[in-house]
Amino acid sequence: MKHMSRMLSVAVLFSMGLLNEAHALYVGGNPLSFTDPTGLATQEEIRRATSTLRCAHPADFRRTARSIGMTDLGSRGSGRTDWLNNVELNSRIYGGSNTRVDHFIHDRFLQTLAHEMLHVNESPGSFLLSNQFRMGSPLGQLHRRLDDRAEEMITPKLLDQYRNSLNNGDAGCTCSR
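Before going into details, it helps to say that this report is about the structure given with it. Just so we're clear, the structure is a prediction, and the values are computed from it rather than from any experiment.

What follows covers the packing of aromatic side chains. Inspection of every chain in the model, using the stated rule, returns 2 aromatic pairs. Here a set of aromatic residues connected by ring pairs shows up, and it is made of Tyr94, Phe109 and Tyr162.

What follows covers the environment of Leu146. Turning to its location among the elements, Leu146 is positioned in helix 7 (residues 140–153). Along the chain, Leu146 and Glu122 lie 24 residues apart, while their C-alpha atoms are 9.6 Å from each other. With sequence-adjacent residues up to four places away left out, Leu146 is seen in contact with His115, Leu118, His119 and Glu122.

Glancing now at the packing of helix 5 (residues 106–120) against helix 8 (residues 156–168). At their nearest, the axes of helix 5 and helix 8 sit 10 Å apart, and the two run at 100° to each other. On the basis of the axis angle, helix 5 is roughly perpendicular to helix 8. Counting all contacts with helix 5, which are made through His106, Asp107, Phe109 and Leu110, the residues of helix 8 involved are Leu158, Leu159, Tyr162, Arg163 and Leu166. Of the residues belonging to the contact of helix 5 with helix 8, the class tally is 6 nonpolar, 1 polar and 2 charged.

All right, on to the pattern of salt bridges then. Within this structure, the stated rule accounts for 7 salt bridges. In this structure, the salt-bridge partner of Arg100 is Glu45, at a minimum N-O distance of 3.7 Å. Of this pair, Arg100 sits in the loop between helix 4 (91–94) and helix 5 while Glu45 sits in helix 3 (residues 42–56), and the two are 55 residues apart along the sequence. By relative accessible area, Arg100 is classed as partly exposed at 33%. Among the ionic contacts, a cluster of salt bridges with common partners joins Glu44, Arg47 and Arg48.

This next bit is on the pairing of strand 1 (residues 67–71). Where burial is concerned, the two faces of strand 1 differ: the one with Ile68 and Met70 is buried and the one with Ser67, Gly69 and Thr71 is not. By the bridge criterion, 5 bridges tie strand 1 to strand 3 (residues 86–90) in an arrangement that is parallel. For Ile68, the partnering residue across the bridge sits in strand 3 and is Val87.

For the rest of this paragraph, the subject is the nonpolar core. Core analysis: the largest hydrophobic core is formed by 28 residues, its most contacted members being Leu53, Leu89, Tyr94 and Phe109. Contributions of two or more residues to this core are made by helix 3, strand 1, strand 3, helix 4, helix 5, helix 7 and helix 8. Here the element with the most residues in this core is helix 5; it accounts for 7 residues. Those residues in contact with Phe109, other than ones at most four positions away along the chain, are Glu45, Ile46, Ala49, Leu89, Tyr94, Val101 and Tyr162.

A word on the side chain of Asn86. With respect to the helices, strands and loops of the structure, Asn86 is situated in strand 3. A residue is classified by how much of its surface remains accessible, and Asn86, at 17% relative accessible area, is buried. Polar contacts involving the side chain of Asn86 include one to the side chain of Ser67, which spans 2.8 Å.

Each value, and the rule that gives it
- Residues numbered from 1 in each chain as written.
- Predicted model: local features only at pLDDT ≥ 70, side-chain atom pairs only at ≥ 80, totals over all residues.
- Heavy atoms only, no water.
- Phe/Tyr/Trp six-rings, centres within 6.5 Å; stacked < 30°, edge-to-face > 60°.
- Helix = DSSP H or I, 4+ residues; strand = E, 2+ residues; numbered from the N terminus.
- Contact = heavy atoms within 4.5 Å.
- Axes fitted to C-alpha atoms, helices over the stretch in contact; angles between N-to-C directions.
- Parallel < 35°, antiparallel > 145°, perpendicular 65-115°, else oblique.
- Nonpolar A, V, L, I, M, F, W, Y, C, P; charged D, E, K, R; others polar.
- Salt bridge = Lys/Arg side-chain N within 4 Å of Asp/Glu carboxyl O.
- Buried < 20%, exposed > 50% of the residue type's maximum accessible area, 1.4 Å probe, protein only.
- Pairing = 2+ DSSP bridges.
- Core = buried A, V, L, I, M, F, W, Y, C linked by side-chain atoms within 4.5 Å.
- Polar contact = N/O pair within 3.5 Å; in protein donor to acceptor, adjacent residues only side chain to side chain.

Now the structure itself:
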């Protein structure tokens, strides 16, 4: 189903003129991948995204992840956080450690990172409940609430701030942090 959704997204982008043959060539002839195989610095993007989120929402992100990396999670979601506060983002969606996140999915990237960072900042009891009782169970509402909060955080202003940090080489933050 996710593959069908991406195919539909690509078809819509092509029809709107936002995606063209040049972009298809740029992504190795596979526009469904939404990744740039020649890109660089995903770790830098993660650092800037983390800084942008922490600056915009300091009360939500008092603690930082022990590590944030890319790994192939297959179709098991966009990201995950373990008990030691290590965050892994899905390289199938966002690219590997040497692949830039595609401009078209910066909002999804930031939302996933915000979601996982919210897990890092949960109490151990909340973390247990929100992760052990996923979306399908009655207690899945805790996880949905966390996901809704992450979605609320990704405003056009925050997205612009993140993109400016990538383009201008700043830290992604204009506050005193």
